[in-house]
Amino acid sequence: MNHNTASEIITTGDPSSGKKYVLPFILVVSLFFLWGMAHNLDSILIPHLKKACNLNNRQSTLIDTSVFFAYFLMAIPAGMILKKWGYKATMISGLLAFAFGAFLFVPAANNLSYVTFLVALFIIGCGLTMLETSANPYAAVLGDPAKATSRLNLAASFNGLAAMVAPMIGGLFILSGKSHTKEELAAMSEVSRNHYFLEEAASVKMPYITLGIILLVIAVIFYFIHLPEIKTKSIDGEAKGSFFGALRHQHLRWAVVAQFFYVGAQVCVTSFFIRMAQQGGGFDEKTAASYLAIYGFLFTAGRFAGTALLQFIASHQLLSIYAVISVLLCLLAITGSGVIVVYALGGLGFFMSIMFPTIFALGIEGIGDDTKPGSSWLIMSIVGGAILPFGMGTLIDMYGDHIQVGYSIPLVCFVVVLFFGLRGYKIAHR
């Protein structure tokens, strides 16, 4: 998931000196890939830790809550850190926090402590917030201002690459393919049961130790590599406009609501993808993970296809069309059976792909000096990714672990997005 946390960054750098920006840009692009890995590994962790820590569905969604609530809490502090310390120090701090959270997976697994896992994920979320807050605007200002959008789109494509790679790695190294029913677990001796839980939990250690080491190496590279000091103004959005005053724009208010529900829908779809593929599609755990990788490919393909279609179709119209299709695919996922259920989820990946940037752009259109505080509201609205999956897990538990009925939550979310695409986006002229 790529959230552009700064807009209207104005550079005074020399656009002709593009060559010296190549290495710094490559390093920044690596950050886009790394936070994409973190988010997409969560889709593996949710079904895996549900087994390892013997959780219900609602408890398993606290993984999403930990990460996305960190974004909500850290959004403003991260902007303050960026203003005070600059790009390089903020990116290094984000990498170190991310690495610390990854290493905490070791004691969490050793002690079979779900609370420690959640603390680790919250710290990772704080690190990711610092990375996104600094890397997005830095990618935008690192070179010719006329090509800022192209640079950001190129960097964002590595989020899509991570959406494909993370499920492959998770399926190979984290998921065991072993699962037991409640009855089978109850029939085991306490020693055998605890051994099974510890064995499942232990599989996360090596991938996250490796990830932590990679993050430390990249942090060291960032420390020793010279990053060009690009002069910018109004990074923090304090120059003009006001935080609460921005909400006087009706279409921005609706965009914040739509973004809350969209991000919630996206996280709901991916968080329960593997269990949906198992229960609704009849797949085993490993096969389900491979289909999650295909979902990541379709999400990336949808972003490129949507970008091309936006040359010919108004953004609010394409958003509305995609929202209608997403509602229909949710209905198919809820009522279907067999492989058609998994195909419906893959289709959702394709048609969701343009929603975040499209809602974002429509929300800040024409709000002038309120653009930066308006952008902050839109970023903070991703807290939907912390709240709605918890509601989906609760609903699934209420219906006796019936995963398919839970997809009525994203269905409602896409109805809200549809309203925004039809009416909510309109600028109210006074």
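Now for a description of the structure that goes with this document. What you see is a predicted model, and the numbers here were worked out from it, not measured in a lab.

1. Considerations on unusual backbone geometry
Working note: non-glycine residues mostly have negative phi, and peptide bonds are mostly trans.
Step number 1: The residue Asn54 is not glycine, and still its phi comes out positive at about 55°.
Step number 2: Within the secondary structure, Asn54 sits in the loop between helix H1 (22-52) and helix H2 (57-60).

2. As for the packing of helix H11 (residues 250-271) against helix H18 (residues 384-398)
Step number 1: Two elements in contact, H11 and H18, have axes whose closest approach is 7 Å; the angle formed by their N-to-C orientations is 55°. Judged by the inter-axis angle, H11 sits oblique to H18. The handedness of the crossing between H11 and H18 is right-handed. Residues Phe260, Phe261, Val263, Gly264, Val267 and Cys268 of H11 touch H18, and the partners they reach there are Gly384, Gly385, Ile387, Leu388, Pro389 and Met392.
Step number 2: Considering only residue class, the contact of H11 with H18 consists of nine nonpolar, three polar and no charged.

3. Some thoughts on helix H3 (residues 62-85)
Step number 1: Given a rise of 1.5 Å per residue, 24 residues ought to cover 34 Å, and the 32 Å separating the end C-alpha atoms of H3 matches this to within 8%.
Step number 2: Every buried residue of H3 is listed here: Ile63, Asp64, Ser66, Val67, Phe68, Ala70, Tyr71, Met74, Ala75, Ala78 and Leu82.
Step number 3: Residue Gly86 follows H3 closely and has a positive phi angle near 90°.

4. Some remarks on a nonpolar patch on the surface
Step number 1: Taken together, the side chains of Leu332, Val339, Ile340 and Tyr343 make up a nonpolar region of the molecular surface, amounting to roughly 330 Å² of accessible area.
Step number 2: With three residues, helix H15 (residues 339-352) is the largest single contributor of residues to the nonpolar patch.
Step number 3: Inspection of the secondary structure assignment puts Ile340 in helix H15.
Step number 4: Residue class for Ile340 comes out partly exposed when judged on its relative accessible area of 36%.

5. Digging into the environment of Val383
Step number 1: Along the chain, Val383 turns up in the loop between helix H17 (371-380) and H18.
Step number 2: Assessed through its relative accessible area of 10%, Val383 is described here as buried.
Step number 3: Sequence separation of Val383 and Gly264 is 119 residues, and the distance between their C-alpha atoms is 7.8 Å.
Step number 4: Once you skip the residues sitting within four places of it in the chain, Val383 turns out to touch Phe69, Phe72 and Phe260.

6. Points about the pattern of salt bridges
Once their charged atoms are close, side chains differing in charge can pair, the charge on each being opposite to the other.
Step number 1: In the structure shown here, the tally under the stated rule is four salt bridges.
Step number 2: In this structure, Glu200 engages Lys51 in a salt bridge whose closest nitrogen and oxygen atoms are separated by 3.1 Å. With Glu200 in helix H9 (residues 190-202) and Lys51 in helix H1, this pair connects stretches of sequence that are 149 residues apart. Across this residue pair, the class does not change: Glu200 and Lys51 are buried.
Step number 3: The partner of Arg275 in a salt bridge is Asp401, and the shortest N-O contact between them spans 3.1 Å. Of this pair, Arg275 sits in helix H12 (residues 273-279) while Asp401 sits in the loop between H18 and helix H19 (403-406), and the two are 126 residues apart along the sequence.
Step number 4: Each of the salt bridges in this network shares a partner with another, and the network as a whole consists of Lys51, Glu200 and Glu285.

Rules used in this analysis
Here the residue numbers are simple positions, counted from 1 along each chain's written sequence. With pLDDT at 70 or above as the cut-off, local features in this predicted model cover only qualifying residues; side-chain atom pairs require 80 or more to be listed or tallied, and sums for whole chains, interfaces and linings still use all residues. Water and hydrogen atoms play no part in the side-chain values, which are based on all heavy atoms of the structure. Runs of E in the DSSP output that reach at least two residues are strands. Runs of H or I that reach at least four are helices, and both are numbered from the N terminus. To get an axis, fit a line to the C-alpha atoms, keeping to the stretch in contact for a helix; angles then go from 0 to 180 degrees between the N-to-C directions. When describing relative orientation, an angle under 35 degrees is termed roughly parallel and one over 145 degrees roughly antiparallel, while 65 to 115 degrees is termed roughly perpendicular and anything else oblique. We call a crossing left-handed when the near helix sits turned anticlockwise from the far one by less than a right angle, and right-handed when that turn is clockwise. Throughout, a residue-residue contact means that at least one pair of heavy atoms, one from each residue, lies within 4.5 Å. Throughout, the ten residues Ala, Val, Leu, Ile, Met, Phe, Trp, Tyr, Cys and Pro are labelled nonpolar, Asp, Glu, Lys and Arg are labelled charged, and all others, Gly among them, are labelled polar. Each helix should span, by expectation, one fewer than its residue count multiplied by 1.5 Å. Exposure is judged per residue with a 1.4 Å probe applied to protein chains only, and the accessible area is read against the type maximum: over 50% gives exposed, under 20% gives buried, and values in between give partly exposed. Patch definition: residues with relative accessible area over 30% and no salt bridge; like charges joined within 9 Å; nonpolar side chains (Val, Leu, Ile, Met, Phe, Trp, Tyr) joined within 5 Å. Here the accessible surface of atoms and residues is derived via Shrake-Rupley with a 1.4 Å probe, and residues count as covered only by protein chains that are part of the display. The working definition used for a salt bridge is a side-chain nitrogen of Lys or Arg within 4 Å of a carboxyl oxygen of Asp or Glu.

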